Amino acid sequence: MDMDGVLVHEEHLVPGADRFLAKLREHEVPFMVFTNNSIYTPRDLRARLARTGLEIEEDEIWTSALATAKFLEEQRPHGSAYVVGESGLTTALHGIGYVLTDRDPDYVIIGETRTYSFEAITKAIRLVEGGARFIATNPDEKGPSREGTLPATGAVAALIERVTGHKPYFVGKPNPLMMRSALRALRAHSEHTLMIGDRMDTDVRSGLESGLQTILVLSGISGDNTAELFPFRPTKVISSVADLVDHVLDPFSA
């Protein structure tokens, strides 16, 4: 399931999310909480969720930073990277033995940060021009804040692409790669797994393309008619995960 819009809104609990998770645990249904945000480590996110009243373990959280690290570990083990991002991404890369450097790196990796600097972006551009492979954790162009819209990874990646002519490879949703890496971490099969999200373009699409059934909740970004705007549909649309509290073993009868 996605995190923001499904379980929480910023620092506030989505009503019923705590009861939904409690029922999953009661019936021993394994789950993974997703986020395309690469700023935070699973430990950071666990603490953030705990403040809202949700007790979720670190190994039940899957971020675009972890998915990116897993991808790079399989593609080029013990490589090197120049990173524009925060501790969620750098910690994940250190965890797979990557060296972070601005001297002839194998990859330039763009992640989420609240402090994009002109100097760091310029360095990334020159390294990509010099032959470094271009990766971005997720394609989201903007994100919310209390003050208004913030530029996000996809927007900065587009800037670098425009200057260099090199298109980044996005690892996070809607790339099915992130979903499949999470399925492996869960030791689950797509036939017996469903995706719950509040966005058609990332959550539902990534679930659909990974062979999962999908549930769109209306507690986040999507409105009543959102599903009608896309050429694909979720398996089911519900108001929020509160509707699933009494249906965790038969979610499509809710």
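Structural notes, computed from the coordinates.

## Notes on the sheet that holds strand β11 (residues 169-170)
For step 1, the next point in the chain: Read from one edge to the other, the open sheet built from five strands follows the order β6-β5-β7-β8-β11, with strand pairing classed as parallel. Edge positions in the sheet fall to β6 (99-100) and β11, since each has one partner strand and no second.
For step 2, the next point in the chain: The pairing of strand β5 (residues 80-84) with strand β7 (residues 107-110) spans four bridges and is classified as parallel. Paired with V83 across the strands is I109, a residue of β7.
For step 3, the next point in the chain: Contacts between helix α3 (residues 64-75) and the sheet are confined to β7, β8 (133-136) and β11, with β7 contributing the most and set at about 170° to the helix.
For step 4, the next point in the chain: The strands touched by helix α5 (residues 118-129) are β5, β7 and β8; relative to β5, the strand with the most contacts, the crossing angle is about 145°.

## A few points about the sheet that holds strand β13 (residues 213-217)
For step 1, the next point in the chain: One open sheet holds the three strands; their spatial order is β12-β13-β14, and the pairing between them is parallel. Pairing within the sheet leaves two strands with one partner each, and these edge strands are β12 (194-197) and β14 (236-238). Averaged over all pairs of adjacent strands, the angle between their axes in this sheet comes to 20°, without regard to strand direction.
For step 2, the next point in the chain: The pairing of β12 with β13 spans four bridges and is parallel. Among the inter-strand pairings, I196 is bridged to a residue of β13, identified as I215.

The rules we used
Residues numbered from 1 in each chain as written. Predicted model: local features only at pLDDT ≥ 70, side-chain atom pairs only at ≥ 80, totals over all residues. Heavy atoms only, no water. Pairing = 2+ DSSP bridges. Helix = DSSP H or I, 4+ residues; strand = E, 2+ residues; numbered from the N terminus. Contact = heavy atoms within 4.5 Å. Axes fitted to C-alpha atoms, helices over the stretch in contact; angles between N-to-C directions.

Fair warning: the whole summary comes from geometry, so function is off the table for now.
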